[in-house]
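Okay, here's what each chain looks like letter by letter:
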Amino acid sequence: MEKAAFHSRYETYRARIEAYLDTLFTERTDWADLYEAMRYSLLAGGKRIRPVLTLEFARIAGMEWEKALPVGCALELVHTYSLIHDDLPCMDDDDLRRGKPTNHKVYGETLAVLAGDALQPEAYRLILTAPGLAAEQRADCALLLAQASGADGMLAGQVLDTLHAPGTEGELGEVHALKTGAMIAGACMLGVAAAGGSGALRAAAREYAMQLGLAFQVRDDMLDVCGDEATFGKPIGSDKEEGKVTYVDLLGLEGCDALVSACTEKAVAAVAPYDADGFLTELARSLAHRNQ
């Protein structure tokens, strides 16, 4: 796919995602401060990679991709909650996220925790009330999101990362397969599930996502060493300050670059039978060289 065509479709998806998210939590209530805190992080920008993947896999599976917006944005709500909680003093204690003060720095720890808490059930509300989806598809999507984000998904990865001090390549691989890969895989499989797609496509979506997720995390580790703080949107060197072992420590920058390339090509191969116009291929390869 030509880069111009790729960027055009990506920006079309992203604009619709942003517009949809902007409609959420706008009511004037006595607890409007909660909605404000939720929207502060939800609308803080970012690449919206996960919901974009949901929409693209829904399109590939034969669905009008706009109908998958509630499902893709539901996962983005859960992703946003995880970022709010990840930044808290009891976790990574970060001051910046996407170049802006973190939620607890603006609203205090109590409201930040509650904003994250609220985003989780609201995600399931979006799925379970999504127009244009059959009851079976809604249930399938809700289960996929629970599996991706729950105690044997993203949260398991967070526990391993923060409490078990992973130090080998195998341990890091397990952390990132759960912490990062599970949610990206969930995003891809949600698109297939929303469209009622085949089991073969769902399996390909999962393999693509797991390889993409590992490449994404390894690239993150590299950027934490050699990235530009203004571009990256968060402090450089934070992993080293926290005493975390990263892929850069184990493989060096050249080894990390080679691993990113290998994972990217495995991702591309996984969806080759379905990626007729090359959007998923171009997405994977663009992420391999990202600087933010």
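Draft legend 1. A look at the environment of L160. Along the polypeptide, L160 turns up in helix α8 (residues 154-163). It is 31 Å that separates the C-alpha atoms of L160 and A200, two residues lying 40 residues apart in sequence. In contact with L160, not counting residues within four places along its chain, are A165, P166, E174, V175 and L178.

Draft legend 2. Spotlight on the pattern of salt bridges. Counted by the stated rule, this structure contains 20 salt bridges. Of the charged contacts in the structure, one is a salt bridge between E18 and R14, with a shortest N-O distance of 3.9 Å. Here E18 pairs with R14, and both are found in helix α1 (residues 3-21), just four residues apart, close to one helical turn. The partly exposed category is assigned to R14, whose relative accessible area is 26%. Its salt-bridge partner being D92, residue K244 comes within 3.6 Å of it at the nearest N-O pair. Here D92 lies in the loop between α4 (69-86) and β1 (96-97) and K244 lies in the loop between α12 (238-241) and α13 (247-270), a separation of 152 residues in the sequence.

Draft legend 3. Seen up close, empty space enclosed by the protein. Taken as a whole and judged by the stated rule, the model has one cavity of 30 Å³ or more. Taken as a whole, the largest cavity spans an internal volume of roughly 110 Å³. Lining the largest cavity are 13 residues, and of these S41, A44, D87, R97 and N103 sit closest to its centre. Of all elements in the fold, only α2 (32-42), α4 and β2 (100-101) reach the threshold of two or more residues within the lining of the largest cavity. With three residues, the single largest contributor to the lining of the largest cavity is α4.

Draft legend 4. Expanded view of the packing of aromatic side chains. Enumeration according to the criterion identifies seven aromatic pairs in this entry. Judged by centre distance (5.5 Å) and plane angle (75°), the ring pair of Y40 and Y107 falls under edge-to-face. Within this pair, whereas Y40 is found in helix α2, its partner Y107 is found in helix α5 (residues 103-107), the two being separated by 67 residues in sequence. Overall, the relative accessible area of 17% leaves Y40 in the buried class. Taking 6.0 Å as the distance between ring centres and 65° as the angle between the ring planes, the aromatic pair formed by F57 and Y208 counts as edge-to-face. Highlighted residues: F57 in helix α3 (residues 49-60) and Y208 in helix α10 (residues 199-226), separated in sequence by 151 residues. Residues F57 and Y208 agree in their burial class; the two are buried.

Definitions and cut-offs
Residues numbered from 1 in each chain as written. Predicted model: local features only at pLDDT ≥ 70, side-chain atom pairs only at ≥ 80, totals over all residues. Heavy atoms only, no water. Helix = DSSP H or I, 4+ residues; strand = E, 2+ residues; numbered from the N terminus. Contact = heavy atoms within 4.5 Å. Salt bridge = Lys/Arg side-chain N within 4 Å of Asp/Glu carboxyl O. Buried < 20%, exposed > 50% of the residue type's maximum accessible area, 1.4 Å probe, protein only. 1 Å grid on protein atoms, 1.4 Å probe; cavity = no way out; pocket = protein on both sides within 12 Å on 5 of 7 lines; lining within 4 Å. Points joined across faces, edges and corners; volume = space filled by probe spheres on them. Phe/Tyr/Trp six-rings, centres within 6.5 Å; stacked < 30°, edge-to-face > 60°.

Nothing here speaks to function; it is all geometry.
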